[in-house]
Amino acid sequence: MKQKFDIIVSTCVPLPFENIDTDQIIPARFLKATDKKGMGDNLFRDWRYDADGKPNKSFVMNDPSYSGVILVAGKNFGSGSSREHAAWAIAGAGFRVVVSSFFADIHKNNELNNFVLPVVVTEPFLQKLFESIENDHQTQVKVDLPNQTITNLATGESEHFEINSYKKHCLMNGLDDVDFLVENKEKVVAWEKRRS
Amino acid sequence: MNTLFDKIWDEHVVQVVEDGPTQLYIDRLYCHEVTSPQAFNGLRERNLPVFRPNQVFCMPDHNIPTHDQDKPIEDSVGRKQVETLSANCRQFGLTEFKMNSKDNGIIHVVGPEKGLSLPGMTIVCGDSHTSTHGAVGAIAFGIGTSEVEMVLASQCILQSKPKSMRINIDGELAAGMTAKDVALYLMSQLTTSGATGYFIEYAGEVVRHLSMEGRLTLCNLSIEMGARGGFVAPDETTFEYLKGREYAPVGEAWDKAMAYWKTLWSDDDAVFDKELHFKSEDIEPRITYGTNPGMGIGITESIPAVDEVAETGRDSFLKSLQYMGFEPGQCLLGHPVDYVFLGACTNGRIEDFRAFASVVSGKKKAAGVTAWLVPGSWKVQEQIHEEGLDKVLADAGFEIRQPGCSACLAMNDDKIPAGKYAVSTSNRNFEGRQGPGARTILASPLVAAACALTGRITDPRTL
């Protein structure tokens, strides 16, 4: 899953609904794996396929006119469960960036820990982006992590987004938190001594 | 001038990473079978041991069938996950409360029940309802699997410090009202994202008068408002509950712990980033009508009309009602109910079974209703038996199943069929949560019991 992040320019897959919860991203019955493989196949499973497992033609991921590695979703994306399977499914389906005006806490961390970049934009920027994509499914977006900017290339509109410099460093260099924590074990031992 | 959250958090800071997160020491890690296997794989890939195995407690709960637990799990994929947890516990030397043992149950029921979750602790688990343990006065929150791996590897986690929110609920709860109704009311006031980025302290007269079981229910649902967690400052109710529990400190250690626990208050002049006040008299028995827990109403109220919903949310609102088979403006009293589920980490404790039994005692379950009553742990099961509640429930036509997460997220066989209406004491009414196409109405054990008797949405105060 570790991959280095730089600048991404891509078309988008739009999901203009609010409060998309982790049970929609990946239903609980697909959480039974003991590894991270294959989760992408069940991303948005119950929206993407009907009860018989046939692709639901009206769902955006089954519409060949939409493509790209950027998922654009309505406010409060990823609410609900802490299941990292949701982030594995998003990464597994090939998405590198999720754009929304608001993310649920745990899910946002899970995305970052899987080298998927959650980009928080303002509600007007998001609504305009949905509009651009609806008008032209080939609308491209540029996500520039080094400069922390996102640009709707259809309108030229650009916004700055927040990310702490530690996490930015991790994403740009393909490092994860376990590496960091294991390197800092002496500090943990010192803390334990101090407390006892 | 510190909040209780500041006091516990600051105590656990190992270091603050420059322009980054805090490295926070974790006292207790709980693991279940669904969100831990990939974390253990990670340790193996990195060739790391578990750093502090005595601080980790594991138990399977999500996949557990609620019948015939003495036999192997029929679903081979679920069985493999449960077996994988056991194998990982053996390899890394961790304590496991195995399926079908007297120690097993839902993590968030077992942890407090055994005195493993204590005031002033930091507690995490790969499960969003870890917020439950906040009821004992601990900082407890759900984490992802990568974070489970971090804690296994280092007993620490990297987190940004959340903002603080205090929710005060004043007054007294009237008859027919429970902690669940308070939580469902708060969710509809704050929405499912209203507390995102915050850690909640619950306070006020109503909270002080809640039993530990009630506080566990309230804190359990903090995540449904988007909060990382929620807690209640420990008091005599907490100490009374914890004393004598299996893993609670004893003798001198208890006295020492008590001396510390009694300092766990928000100072009088503590300032919160946000402070909210609610009154108990505004709360009536609650139900949900939509597909997120914030879409709730008082049981006598009607679903909002379209023009009462903010414009950007209208598509989601209508999509949600279409899924539920409801109309804008509809009142749900009297609407038929097919299933009733009592259980989950939200309402699977002894007090919830007492409440349910108090409503159905001497009456009969409606013929058309399928009722699943699932205790949160074997300990709860035992208490039900000791108190004779099993007899009361059996006489009213209810059968008690074996403990586990069950129909809350339907990872085992307990799935609500497509299109059916389930009044459920669990925590989430998301699309498909209780089975593909299932329609969930969240409610308290009292409302669930009333609905089970009539087969319709029923206000328990009218029975």
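No experiment lies behind these values; they were computed from the predicted model shown.

Asker: So what exactly am I meant to see when it comes to the overall build of chain A here?
Answerer: Scanning chain A from N- to C-terminus turns up 8 helices and 7 strands. Compactness check: chain A gives a C-alpha radius of gyration of 18 Å against a globular reference of 16 Å for 196 residues, within 12% of the reference. Seen through its C-alpha atoms, chain A measures out along the principal axes to roughly 60 × 45 × 25 Å. Relative to its 196 residues, chain A shows a buried fraction of 45%. Across chain A, contacts joining residues at least 24 apart in sequence account for 67% of those joining residues at least 6 apart.

Asker: What is the right way to look at the packing of helix α2 (residues 37-46) of chain B against helix α5 (residues 145-154) of chain B in this model?
Answerer: Residue and element names in this part refer to chain B. Between α2 and α5, the shortest axis-to-axis distance is 8 Å and the interhelical angle comes to 50 degrees. One way to sum up the angle between α2 and α5 is to call them oblique. Once α2 is placed against α5, the crossing between them reads as right-handed. Note on element contacts: α5 touches α2 through T145, V148, E149, L152 and A153, opposite Q38, A39, G42 and L43. Of the residues belonging to the contact of α2 with α5, the class tally is 5 nonpolar, 3 polar and 1 charged.

Asker: What is the right way to read the pairing of strand β7 (residues 157-160) of chain A from this model?
Answerer: Two faces, one strand: in a regular strand the side chains alternate between the faces of the sheet. Residue and element names in this part refer to chain A. Pairing of strand β6 (residues 149-152) with β7 involves 4 bridges; the strand directions are antiparallel. For T149, the partnering residue across the bridge sits in β7 and is H160. Hairpin connection between β6 and β7: a loop of 4 residues separates the two successive antiparallel strands, and G156 in this loop has a positive phi of roughly 80 degrees.

Asker: I would appreciate a short explanation of the sheet that holds strand β11 (residues 229-231) of chain B in the present structure.
Answerer: Within a sheet, neighbouring strands are paired by backbone hydrogen bonds and run either parallel or antiparallel to one another. All names here are of chain B. Here we have 4 strands laid out as an open sheet, ordered β11-β10-β9-β12, and parallel in their pairing. The open sheet has two edge strands with one neighbour each: β11 and β12 (274-279). On average, each strand axis in the sheet is tilted by 20 degrees relative to the strand beside it, whichever way the strands run. Here strand β10 (residues 198-203) pairs with β11 via 3 bridges, running parallel.

Asker: What am I meant to see in the interface of chain B and chain A here?
Answerer: Interfaces are frequently sized by the accessible area removed from exposure as the parts join. Contacts between chain B and chain A engage 57 residues on the former and 43 residues on the latter. Among the elements of the structure, β1 (13-16), β2 (22-25), α2, α3 (76-92), α5, β8 (156-159) and α11 (314-324) of chain B are those that each provide at least two residues to the side of chain B that touches chain A. Of all the elements, α5(B) adds the most residues to the side of chain B that touches chain A, at 6 residues. Here the residues of the side of chain B that touches chain A sort into 18 nonpolar, 28 polar and 11 charged.

Cut-offs applied
- Residues numbered from 1 in each chain as written.
- Chains lettered and ligands numbered in written order.
- Predicted model: local features only at pLDDT ≥ 70, side-chain atom pairs only at ≥ 80, totals over all residues.
- Helix = DSSP H or I, 4+ residues; strand = E, 2+ residues; numbered from the N terminus.
- Rg over C-alpha atoms; globule rule 2.2 N^0.38 Å.
- Buried ≥ 20, exposed ≤ 12 C-beta atoms within 10 Å, placed from the backbone.
- Contact = placed C-beta atoms within 7 Å.
- Axes fitted to C-alpha atoms, helices over the stretch in contact; angles between N-to-C directions.
- Parallel < 35°, antiparallel > 145°, perpendicular 65-115°, else oblique.
- Left-handed = near helix turned anticlockwise from the far one by under 90°.
- Nonpolar A, V, L, I, M, F, W, Y, C, P; charged D, E, K, R; others polar.
- Pairing = 2+ DSSP bridges.

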